[in-house]
Amino acid sequence: MTEYKIALVGFGGVNRALAQLIAERNARWQQELGFALKIVGVTDLFLGSVIDRDGLDAAKLAALPAEKGALAQFPQGSAEAFNEAVIKQSGADIIAEATFTNPKDGEPAATFCRWALEAGKHVVTTNKGPVALHAQALKALAKANGVSFEYEGAVMSGTPVLRMARQTLAGAGLVGFEGILNGTSNYVLTRMEEGLGFADAVAQAQALGYAEADPTADVEGHDVRLKVVILANELLGACLQVNDVACSGISRLDSAAIQQAQAAGQRWKLIGSASREADGSVRASVEARLLPGNHPLAGISGATNAVAFDTELLGAVTVSGPGAGRVETAFALLSDIVAIHTAGRSA
Ligand SMILES: NC(=O)C1=CN([C@@H]2O[C@H](COP(=O)(O)OP(=O)(O)OC[C@H]3O[C@@H](n4cnc5c(N)ncnc54)[C@H](O)[C@@H]3O)[C@@H](O)[C@H]2O)C=CC1
Ligand SMILES: N[C@@H](CC=O)C(=O)O
């Protein structure tokens, strides 16, 4: 039986949900997936850090109170976040990186990924910063060290989009995409259609674990901009930088405008899109658009996301599913580990 030792960097909603899944499902994964996971380290800016090479109790971790320095409760635990030690010295085979997304330079998460890859550890991450801003360098580093850098959860949470498109649309002639790529803003728009105010709707999205640490990133389109860059660079072979993508959000839309549109059979949606131009370049944007009721993306409500891929051979291929959520995103980390396991077996 294969057992992967895993260290969790950032222990907020997503990695805590992964610990809960490990506590509940490890035996089942052994049977169904051919591997089990053992948590050997956890580190978090707020909670502190702990290393135990023999394995930490996943259920106890998942139930940890959200109090400053709480990881000091574990034998060998500390109220200080020794990120570098947990990444390099916990004996982990895999680092699950789920700290805050920094849309400006991807740090310090990009450094955490670098440390792990240089130390010969696989990285699975849901953090959009390192992927949108440093994917090429991190992928090269992974290759040089014979390990994997996986990030399925960076776009549309646990809904399989990146790997699905890369593997199953290869050869279909992908020329563009448009999608609802942020769970929080779509949830906010839906709740505002139902009569809730903007601030209350954002607060609900935060409580449900959908929003970024600073939800401005969700409602002003910055989060979607990172996802558009990831999709365009990965699937359309573009070399977009974040500032190449024109970006506006939903905060200028008031309840009256949203409900008026709805009464007219239309819906406001935050749309991220990219397309290949005749000269081979790729143009991309993020903006609120008023969609007619019969548009394929108009019926997507709540934290659900959808992306329609425009292909030469199949026309539009649309994938829809959860775009945010703690357990949903923890599943994305699991799917990355499955990919690592499968690649290791076929090597
Ligand atoms: N929650 C969701 O639905 C989704 C989240 N993501 C991304 O996954 C990542 C994690 O998301 P959540 O768990 O929801 O966020 P969260 O805000 O609940 O947790 C992040 C944790 O990282 C810790 N942290 C921040 N900076 C750190 C540092 N320098 N060193 C150590 N720990 C640090 C914080 O203390 C916090 O506990 C974020 O980058 C987010 O953008 C991606 C897809 C969906
Ligand atoms: N805050 C993001 C989380 C996933 O990337 C969202 O709401 O979509």
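Thresholds, definitions, all that
The written sequence of each chain sets the order in which its residues are numbered from 1. All chains are assigned letters beginning at A, and all ligands numbers beginning at 1, according to the order in which they are written. Two thresholds apply to this predicted model, a pLDDT of at least 70 for residue-level local features and 80 or more for giving and counting side-chain atom pairs, whereas whole-chain, interface and lining totals are computed over all residues. With hydrogens and water set aside, each side-chain value is computed from the structure's full complement of heavy atoms. When a residue's accessible area, from a 1.4 Å probe over protein chains only, is under 20% of the maximum for its type it is buried; when over 50% it is exposed; and in between it is partly exposed. In this text, helices come from DSSP runs of H or I with a minimum length of four residues, and strands from runs of E with a minimum of two, each type numbered from the N-terminal end. Residue contacts are defined here by distance: any two heavy atoms, one from each residue, within 4.5 Å place the two residues in contact. Here a polar contact means two N or O atoms within 3.5 Å. Within protein one must be a hydrogen donor candidate and the other an acceptor candidate, and residues neighboring in sequence count only if both atoms are side-chain atoms. UniProt positions are given in the numbering used here, feature names are shortened, and annotations may be inferred rather than shown by experiment.

Participant: When you look at helix 7 (residues 183-193) in this model, what are you seeing that I'm missing?
Facilitator: Spacing of three or four residues puts side chains on the same side of an α-helix, whose turn is 3.6 residues. Here helix 7 lies mainly inside the structure; ten of its eleven residues are buried. All of the buried residues along helix 7 are Gly183, Thr184, Ser185, Asn186, Tyr187, Val188, Leu189, Thr190, Met192 and Glu193. Buried residues belonging to helix 7 abut strand 7 (174-180), helix 8 (198-207), helix 9 (216-219), helix 11 (255-263), strand 9 (266-276) and strand 11 (304-311). For helix 7, the capping residue at the N-terminal end is asparagine 182, with a side-chain oxygen 3.2 Å from the backbone nitrogen of threonine 184. Phi turns positive, to about 110°, at glycine 195, one or two residues after helix 7.

Participant: Would you explain the UniProt feature "domain: Homoserine dehydrogenase catalytic" (unreviewed entry) in the protein in this entry?
Facilitator: Following the UniProt record, the feature "domain: Homoserine dehydrogenase catalytic" (unreviewed entry) maps to residues 160-338 here. Taken end to end, residues 160-338 comprises 38% helix and 26% strand; its first and last C-alpha atoms sit 13 Å apart.

Participant: Honestly, unusual backbone geometry in this entry has me stumped. Any pointers?
Facilitator: Excluding glycine, most residues fall at negative phi; most peptide bonds, likewise, are trans. The peptide bond linking glutamate 107 to proline 108 adopts the cis configuration, its omega dihedral lying at 0°. Along the chain, proline 108 turns up in the loop between strand 4 (94-97) and helix 4 (109-118). In this structure, glutamine 76 takes a positive phi of about 70° despite not being glycine. What makes glutamine 76 exposed here is its relative accessible area of 59%. The residue serine 157 is not glycine, and still its phi comes out positive at about 50°. Relative to the helices and strands, serine 157 is located in the loop between strand 6 (149-150) and helix 6 (162-168).

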